[in-house]
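Descriptive analysis of the structure
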Amino acid sequence: MSSRSGIPRDPAPGWPGYRAEPSYDPGQSRVFPAPVPAELRVLGNDVRAADWPVRLAFRSSRTELVDTLCRWQTLRALAYVHLLAARTGNERLPADLRVVPDPEAAGDPGLPALLARLERAAAGLSADLLDAVVCDSGGLLADNRFAASILAAGLTADSRPGDPDEAVSRAVVLTSYWYEVPGLRGALALTWSANLFVRSWLGWSQRFVYGDPAGGIGITSDPRPPRPAASALPKWAAPLLDRIEQGPGAASCPGPAPS
């Protein structure tokens, strides 16, 4: 049953969308998702999709477009996790989450307002969950020779391309931007990590419920990579990093090693 706002009611009134407990690794925690209502699970199958470009161009307007798409998709995925975790949100949030990022929509005059609403929801996410997403992005930003392939395969699959040619084109474009435009790597890595966290949450919530010792997300990488330096991430990630520092959960993973 759904509320009038379009946000599904919690199937277990009084229970949050997840619980967290310390892991065996000091400073880290495991996350145990609650069962996800059917309406929210269906939305989760769509919320990872973005229409990434299928043609490559390195002019500044195109790289700015890709950065905008990364911001949009990252905030969208994190706002969805907020909805899963808090089981509440602005009544417009479900509709905002259904708007798929694509190059044409990036020029819509209503996009800044949409991004502002998504950012408020994303920055309202619990610090321990947000920190886990940022830390996992550090795994790609570290010296990983397979990072471009992992990122391109994940984001392309999540975009649900219409045919093999479209899939290949998107994967090639994303891989090329990773290698040729280092300034986009932080944005691309955050997008990949946010999508991965959504996928992990939905997968584990389906197989386990609160308290099952075999469950828990903190499972997206083991050991968890160090949190990347703010300079390695896009400027639009600043509100997310501020939320992490506010805690609780700000110390869920180590910071970057001193240079």
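Residues numbered from 1 in each chain as written. Predicted model: local features only at pLDDT ≥ 70, side-chain atom pairs only at ≥ 80, totals over all residues. Heavy atoms only, no water.

**Quick look at the overall build of the protein**
Under the convention used in this document: What counts as a helix is a DSSP run of H or I of at least four residues, what counts as a strand is a run of E of at least two, and both are numbered from the N terminus. Only protein chains enter the accessibility calculation, which uses a 1.4 Å probe. A residue is then buried if its area is under 20% of the maximum for its type, exposed if over 50%, and partly exposed in between. Exposure was quantified through the Shrake-Rupley algorithm and a 1.4 Å probe, taking into account, for residues, occlusion by the shown protein chains and nothing else.
Assigned secondary structure in the protein consists of nine helices and two strands. Secondary structure elements in the protein, listed N-terminal to C-terminal, are β-β-α-α-α-α-α-α-α-α-α. Looking at the protein as a whole, 51% of its 259 residues are labelled buried. Working note: accessible area of the protein is about 12100 Å², and carbon and sulfur atoms make up 56% of it.

**Examining the side chain of Asp 96**
The condition that has to hold: Contacts were defined at the residue level, with two residues in contact if any of their heavy atoms lie within 4.5 Å.
Inspection of the secondary structure puts Asp 96 in helix 3 (residues 93-97). In this structure Asp 96 comes out as buried when scored by relative accessible area, which is 6%. Excluding its chain neighbours within four sequence positions, the residues that come into contact with Asp 96 are Leu 114, Arg 117 and Leu 118.

**Comments concerning unusual backbone geometry**
Look at Arg 160: it is not a glycine, yet its phi comes out positive at around 50°. For Arg 160, the location among the structural elements is in the loop between helix 6 (147-158) and helix 7 (164-180).

**Notes on the pattern of salt bridges**
Quick note on the threshold: Counted as salt bridges are all cases of a side-chain nitrogen of Lys or Arg within 4 Å of a carboxyl oxygen of Asp or Glu.
Under the definition given, this model contains nine salt bridges. When the shortest N-O distance is used, the salt bridge between Arg 48 and Asp 158 registers 3.1 Å. With a gap of 110 residues between them, Arg 48 in the loop between helix 1 (38-46) and helix 2 (60-86) and Asp 158 in helix 6 connect regions that are remote in the sequence. We classify Asp 158 as buried; its relative accessible area is 6%. Here Asp 158 makes a salt bridge to Arg 199, at a shortest N to O gap of 2.8 Å. With Asp 158 in helix 6 and Arg 199 in helix 8 (residues 185-207), this residue pair connects regions lying 41 residues apart in the sequence. A relative accessible area of 34% places Arg 199 in the partly exposed class.

**Points about the packing of aromatic side chains**
For any pair of aromatic rings, the description consists of the separation of the ring centres together with the inter-plane angle of the planes. What counts, and what does not: Only rings of Phe, Tyr and Trp enter the pairing, Trp through its six-membered ring, and a pair is recorded when the two centres are within 6.5 Å. The plane angle decides the type: under 30 degrees is stacked, over 60 is edge-to-face, the rest tilted.
Within this structure, the stated rule accounts for two aromatic pairs. Here Phe 58 and Tyr 177 contribute two aromatic rings whose centre-to-centre distance is 5.7 Å and whose plane-to-plane angle is 85°, an arrangement assigned as edge-to-face. Of the two residues, Phe 58 sits in the loop between helix 1 and helix 2 while Tyr 177 sits in helix 7, which places them 119 residues apart along the sequence. Owing to a relative accessible area of 43%, Phe 58 belongs among the partly exposed residues under this scheme. Residue Tyr 177 is classed as buried on the basis of its relative accessible area, which comes to 1%.

**Some words on the confidence of the model for the protein**
Stated formally: Residue-level confidence of the predictor is what pLDDT reports, using numbers from 0 through 100.
Residues at a pLDDT of 70 or more form 78% of the protein, whose mean pLDDT is 82. Taking the mean pLDDT of every element in the protein, the minimum, 70, falls on strand 1 (residues 18-22) and the maximum, 96, on helix 7. Note that residues 1-14 has pLDDT below 50 and, in this model, 27 contacts with residues that lie over four places away or in other chains.

**Structural notes on helix 4 (residues 111-123)**
Applied cut-off: Here, expected helix span is obtained from the residue count minus one, scaled by 1.5 Å. Starting at the helix axis, one direction is taken to each C-beta atom, and the arc is that of these directions.
If you check helix 4, its first and last C-alpha atoms are 18 Å apart, about what 13 residues at 1.5 Å a residue would give, namely 18 Å. All of the buried residues along helix 4 are Leu 111, Leu 114, Leu 115, Arg 117, Leu 118, Ala 121 and Ala 122. Seen from one end, helix 4 has its buried residues packed into an arc of 160°, which puts them on one side. The outward face of helix 4, more than 90 degrees from its buried face, is lined by the exposed residues Pro 112 and Arg 120. Summarising the contacts, the buried residues of helix 4 are in contact with helix 2, helix 3, helix 5 (127-141) and helix 9 (238-246).

**Structural notes on the nonpolar core**
Stated precisely, the cut-off is as follows: Among buried residues, those of type Ala, Val, Leu, Ile, Met, Phe, Trp, Tyr and Cys that are joined through side-chain atoms within 4.5 Å constitute a nonpolar core.
Tyr 80, Leu 97, Leu 129, Leu 188 and Trp 201 are the most contacted members of the largest nonpolar core, which totals 65 residues. Considering every element that reaches this core, the biggest residue donor is helix 2, with 14 residues. Not counting residues up to four positions away in its chain, the partners in contact with Leu 97 are Leu 43, Val 47, Arg 76, Ala 79, Tyr 80, Leu 83 and Leu 118.

**Points about the environment of Leu 56**
Examined against the element boundaries, Leu 56 turns out to sit in the loop between helix 1 and helix 2. When the C-alpha atoms of Leu 56 and Val 173 are compared, they prove to be 5.5 Å apart, with 117 residues separating the residues in sequence. Once residues within four sequence positions are removed from consideration, Leu 56 is found in contact with Val 173, Ser 176 and Tyr 177.

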